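# Overview (structure and organization)
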Amino acid sequence: MIVNANKSIEVPAIKVQHLTVSYGPVPALLDVSVEIPQGKLVGIIGPNGSGKSTLMKSMLGFIKPDVGTVEIFGTDVTQVKGRVAYVPQRGSVDWDFPITVREVAAMGRYSYRRWWQDLKKEDLRLADEALEKVRMSDFRDRQIGQLSGGQQQRVFMARALAQDAEILLLDEPFAGVDAATERAILDVLQETKEAGKTVVVVHHDLGTAAEYFNLIILLKQRLFAFGTPFQVLNPKLLTDVYEGNLKVFAELAKQSSDDTGDGTGDEVNDG
Amino acid sequence: MDSLTEFFTSLQLDYGYLIRPLIVGTLVSVVCSVVGCFIVLRRMSFLADAIAHSMLAGVIGGYLLMKVFYQQDSNLTAMLIGAILSGILTVAMVGFVTKFSRVKQDTAIGIMYTGIFAFSAFFISLESVSQYIQIDIYHFIIGDIMAVDNSELWLLAIVASIVLPVVILFYRPLQLTTFDPIMAAAIGIPVMAVEYLLTACTSLVVVSGVQIAGVILVVALIITPAATAYLLIDRLDRMIITSAIVGVLCFWFGFAIAVFLGTEPGATIVVIMTGVFLSSLVLAPKYGLLADWVRKSNTVPQEMMEDVLGCVLRAKGKSVPVTEVLKHIKKPAPRVRKSIVMLERQGLLDVDNDKVLLTDDGRFQAKRLVRAHRLWETYLDRTGTTPKEKIHDTAHRLEHLSDEKTVEYLDDKLGHPVTDPHGSIIPNDSELIVGKDLLLSVLRSGNQATVVRTDGDAAPLDLKVGQRITMGPRSKDGRIWQVITLDGKKLSLTHNAADAVVVRLIAKS
């Protein structure tokens, strides 16, 4: 009965069980099981095509798995509405779409209204507040294509903030943004985490992974490791996962085991 | 009074036959151009085209069924149901081919709809079939809007009263699934169901529209007004309204011209619409070609501004008449004048009485350019990549690659040369800043400095930290650096040794 009393604390934010997803003859994900506890900042890392985005899309209920389940706070993901917010990869957004910065931020409020209802004044106010938080208020009425890369990323951060979801999923938020934006995004992520929310980030830069995240999921089709950066970023595991890039990684792995702080590893991505 | 009544009576007698086609056409235009916005944004235009063509098979099927079994001519309901079925069949077959072969979707669409359309045309031209059926393929394609009857008017009214409320009620799900289907799924919008809904609406609009207006007009009404609005407007809700207005106005205008000239209405309207699209392609305020061109010609290329700086620098501190600058730079005069204005705004040039003078900042920038130019010339000469007579021109193009890192790399690679191949001094004022820590290798003859640090094994042993030195002239084609110490001792350093000493510049001469 004690278990029951502590349920809200013990239930994981995201529970993935035996997840297998395939697009063709080769599975994109194979038998992935992982429990992400509440209130942590979690990185999903792995080489290109390792199924990072697929795992994320499964957590959003966008992909129907071949086998396995995803639970959000103990409820099946297909039954969950609006408890997970999502920041897409910059390359996957249609930047020519006729939509303004403010309208994108307001999308965060869609889950609070029935589909036929109009947004209320309060929704627009919350959208504006979210834009204020990421310092994008001055660009409210711009079409989203007329922004710099970092600004575009921040608009979608604002949308996620406006949604005020318990879980925040971000797909490669640091790809192709300047150092200032990277810092700004990271600050917002830290704040979000400190507010008790769970943040999951698809990330490709091994060098910064240890610094940014509490927990790391190391993925390549199957789950190679899940734990603290210290546990995950060891040379043996990394060379297993990034086999094609041994040379680059011998160096990197050494750095990350010597000092789990700052490494440099942009090269990781292009394998 | 009488004459006025007479006028209207005669108007109705003469032109009354136009009212019904006008109403029906307006309805078709509105529904097509509203649904078209989502189709254009989802890049499904080709699919709408495919449904429009392949529904011929369904129309024929429905027609023959009623004719053969119930002896009814042109039963509208049966033909409509047939058309919808063939539309669904096309979409399904396209999906099938795309999924199970390596053929991509656009190709699959092209194959399927031409195939189904051609089969229908082949089928009804068979002698045994053509005795039963009178379907005019010409009118199927180009439309026969003048011949609409009341049942078709009703049909369109019903379709409009289904489709328009659906778009208004489902506006946000439609918008979100079009823009970001993953987020839509995350907040519980059934993405596939919304897509089916849109496909169903499209089929309904296409099928009912083609009956009346013909394939070409319907497809054009779906795509062209929406694409026109897309060029003009930045917000989806306004884009939909604009698209509807463009569609209706084009229809009315084209219709009027067709009546006036006695031309085919469908074709006339499509021609007008295409014209409107092309003119907004050119004239659209933000995304038009003209706006683009104006934007481009308003920004003066960096290169031209740098050329102007270089030209003024050659006057050696005297002011230069603008006409002189125009003579030297062989580019369109208005743009050169504009770059002079830009340079003045950036505080690099003083313009007075049609004469230009470099400011201190301007001189600094200009020297930086000359430095880049002469280093590039030296590089081209030494590497032998470029014939002698072309070195100047090539360097002139390359000098615009003058960022700090590039120039530093060239300078080091070339052994910090003092003169270029023509014997002119390569200025390095932008490097030599008094009080700054520098490598000894960049110093020039006459410079005075103190030693700050000696790095690595290559550092000469007889230079001590804090020691004061004066640079002598280089020897051996600039490959040996000469250093004179305070007590008059002369030291010779190689490039490597000179690179290993960090000094602080005290005075330039």
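Residues numbered from 1 in each chain as written. Chains lettered and ligands numbered in written order. Predicted model: local features only at pLDDT ≥ 70, side-chain atom pairs only at ≥ 80, totals over all residues.

## Focus: the overall build of chain A
Our working rule: Secondary structure elements follow DSSP: runs of H or I no shorter than four residues count as helices, runs of E no shorter than two count as strands, and numbering proceeds from the N terminus. Remark: C-beta atoms are placed from the backbone, and a residue is labelled buried if 20 or more other C-beta atoms sit within 10 Å of its own, exposed if 12 or fewer do, or partly exposed between those counts. What counts as a contact here is a pair of residues whose C-beta atoms, placed from the backbone, lie within 7 Å.
Summing up its helical and strand segments, chain A has 11 helices and 10 strands in all. The buried share of chain A, taken over its 271 residues, is 44%. Of the contacts formed within chain A by residues at least 6 apart in sequence, a portion of 67% connects residues at least 24 apart.

## A word on the interface of chain A and chain B
We count it as follows: Only Asp, Glu, Lys and Arg are considered charged, only Ala, Val, Leu, Ile, Met, Phe, Trp, Tyr, Cys and Pro nonpolar, and every remaining residue, Gly among them, polar.
Facing the 21 residues of chain A at the interface are 20 residues of chain B. Going through the elements one at a time, strand S6 (84-87) and helix H4 (101-107) of chain A are the ones with two or more residues in the side of chain A that touches chain B. A class-by-class count of the residues in the side of chain A that touches chain B yields 12 nonpolar, five polar and four charged.

## Focus: helix H5 (residues 105-124) of chain B
Residue and element names in this part refer to chain B. For the record, the criterion: Working rule for helices: expected span equals 1.5 Å times residues minus one. Here, the arc refers to the directions that run from the helix axis to the C-beta atoms.
Between its terminal C-alpha atoms H5 stretches 29 Å, which fits the 28 Å expected from 20 residues at 1.5 Å a residue. Restricting attention to buried positions, one finds in H5 the residues Ile109, Met112, Tyr113, Ile116, Phe117, Ser120 and Ile124. All buried residues of H5 project into a common sector of 115° when viewed along the axis, lining one side. Packed against the buried residues of H5 are helix H3 (45-70), helix H4 (76-100) and helix H6 (127-130).

## Things to note about the pairing of strand S8 (residues 490-493) of chain B
Residue and element names in this part refer to chain B. For clarity, the cut-off: Between any two strands, pairing holds if DSSP finds at least two bridges.
Of the strand pairs in this sheet, strand S7 (residues 481-485) and S8 are connected by four bridges, and their pairing is antiparallel. When the sheet's bridge partners are listed, Trp481 is paired in S8 with Leu493. Hairpin connection from S7 to S8: four residues lie between these consecutive antiparallel strands, with Gly488 at a positive phi of about 85°.

## What about the confidence of the model for chain A?
All names here are of chain A. As a reminder, the rule being used: Per-residue confidence from the predictor is reported as pLDDT, which spans 0 to 100.
For chain A, the average pLDDT comes to 83, and 86% of its residues sit at 70 or higher. Mean pLDDT values for the elements of chain A range from 44 in helix H1 (residues 2-5) up to 95 in H4. When the criterion is pLDDT under 50, residues 1-7 qualifies, and its contacts beyond four places in sequence or with other chains add up to zero contacts.

## Focus: the packing of helix H19 (residues 360-383) of chain B against helix H21 (residues 404-413) of chain B
Residue and element names in this part refer to chain B. Selection rule: Helix axes use the C-alpha atoms of the stretch in contact, all axes being lines fitted to C-alpha atoms, and the angles between their N-to-C directions lie in the range 0 to 180 degrees. Relative orientations are named as follows: roughly parallel for angles under 35 degrees, roughly antiparallel for angles over 145 degrees, roughly perpendicular for angles from 65 to 115 degrees, and oblique for any other angle. Crossing handedness: left-handed means the near helix sits turned counterclockwise from the far one by under a right angle, and right-handed means the same turn made clockwise.
The contact between H19 and H21 brings their axes to 10 Å, and the two run at 45°. When the interaxial angle is binned, H19 and H21 end up oblique. In this structure, H19 crosses over H21, and the sense of that crossing is left-handed. Only Val407, Leu410 and Asp411 of H21 make contact with H19, whose side of the interface consists of Arg371, Ala372, Leu375, Trp376 and Tyr379.

## Looking at unusual backbone geometry
Residues and elements named next belong to chain A. Phi is positive for Arg135, which is not a glycine, with a value near 60°. Looking at the secondary structure, you find Arg135 in the loop between helix H5 (121-133) and helix H6 (149-163). For Arg135, a count of 12 C-beta atoms within 10 Å gives the class exposed. Despite not being glycine, Asp164 shows a phi value in the positive range, around 50°. With respect to the helices and strands, the residue Asp164 is situated in the loop between H6 and strand S7 (167-171).

## Observations regarding the sheet that holds strand S3 (residues 355-358) of chain B
Residues and elements named next belong to chain B. An order of S1-S3-S2 is seen for the three strands of this open sheet, with the pairing classed as antiparallel. Single-partner strands in this sheet number two, and they are strand S1 (320-321) and strand S2 (349-352). Bridge count for S2 against S3 is four bridges, and the pairing is antiparallel. When the bridges of S3 are listed, Leu349 appears paired with Leu358. Its contacts with the sheet place helix H18 (residues 333-345) against S2 and S3, and it is angled at close to 115° to S2.

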